[in-house]
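# Structural overview
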Amino acid sequence: MIASFIGRVFSVIFGVIFGALTALVVLFWVGGPFWAQRVEREFAGEMSPDAFAEIYDQMSYALISAPAAVLAPCIVAVVIGEALNIRSVLYYVAAGGVTAAMAPLAVSGAKDQSGQYLAIVATAGFAAGFIYWLIAGRKA
């Protein structure tokens with residue numbers, strides 16, 4: 001009984017970790033060209049110190065604040081799925097996409113986000129939810 005509980009906990013932890021890593025890879029793979037075009041459009045020509053500071057602030061947010069903003073709702077979705085013994089791939093994929101898209105909306109508001117940006121972030125969440133389901137969710 002205790003051994004199966006500990007095994008389940010490790011399964012959930014590995015599922016969350018590998019789901020997050022998958023989301024990160026998808027985010028940079030799919031979103032990289034989008035952000036490169038945006039930077040090129042907005043900062044074409046000479047790079048002023050203010051423009052550099054803005055890019056640095058965005059990168060700092062992406063590497064420090066965004067993962068924390070995404071991880072909290074993700075953990076809630078995982079706990080709900082585990083508590084209710086949900087084994088559906090649709091639940092975990094949808095929960096991943098919704099929780100990933102919630103972070104940019106919660107932090108900066110919908111007015112600052114384009115539909116393409118939210119689609120990229122949600123796609124990363126969908127991938128993370130699917131990987132979590134492969135590792136832990138289908139055995140909930």
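Preceding block: the structure.
Structure report, in brief. (Residues numbered from 1 in each chain as written. Predicted model: local features only at pLDDT ≥ 70, side-chain atom pairs only at ≥ 80, totals over all residues. Heavy atoms only, no water.)

## Describing the packing of aromatic side chains
Using the criterion set out here, one finds five aromatic pairs in the structure. Plain terms: the ring middles of Y91 and Y92 are 4.9 Å apart, the flat faces sit at 80° to each other, and that makes the pair edge-to-face. Judged by its relative accessible area of 22%, Y91 falls in the partly exposed class. For the ring pair Y92 and Y132, a centre distance of 5.3 Å and an interplane angle of 45° mean the geometry is tilted. Within this pair, whereas Y92 is found in helix α3 (residues 89-108), its partner Y132 is found in helix α4 (residues 115-135), the two being separated by 40 residues in sequence. (Phe/Tyr/Trp six-rings, centres within 6.5 Å; stacked < 30°, edge-to-face > 60°. Buried < 20%, exposed > 50% of the residue type's maximum accessible area, 1.4 Å probe, protein only. Helix = DSSP H or I, 4+ residues; strand = E, 2+ residues; numbered from the N terminus.)

## A short note on α4
The end-to-end C-alpha separation of α4 is 30 Å, in line with the 30 Å expected for 21 residues at 1.5 Å each. Taken residue by residue, α4 has Y117, I120, V121, A122, A124, G125, A127, A128, G129, Y132 and W133 as its buried positions. (Expected span 1.5 Å × (residues − 1).)

## A closer look at unusual backbone geometry
Despite not being glycine, N85 has its phi angle at roughly 55°, a positive value. Structurally, N85 can be placed in the loop between α2 (49-83) and α3.

## Description of the pattern of salt bridges
Between side chains of opposite charge, a pair can form as their charged atoms come close. If you walk through the whole model with that rule in mind, you get one salt bridge. Here E82 and R8 are joined by a salt bridge, their closest N and O atoms 2.6 Å apart. Here E82 is found in helix α2, whereas its partner R8 is found in helix α1 (residues 2-42), with 74 residues between them in sequence. (Salt bridge = Lys/Arg side-chain N within 4 Å of Asp/Glu carboxyl O.)

## Here's the deal with the nonpolar core
In this structure, V12, V16, V78, I86, Y92, Y132, W133 and A136 together form the largest nonpolar core, which totals eight residues. Elements represented by at least two residues in this core include exactly α1 and α4. Among residues more than four places away in sequence, those in contact with V16 are L71, I75, V78 and Y132. (Core = buried A, V, L, I, M, F, W, Y, C linked by side-chain atoms within 4.5 Å. Contact = heavy atoms within 4.5 Å.)

Any functional reading would require information beyond the geometric quantities listed.
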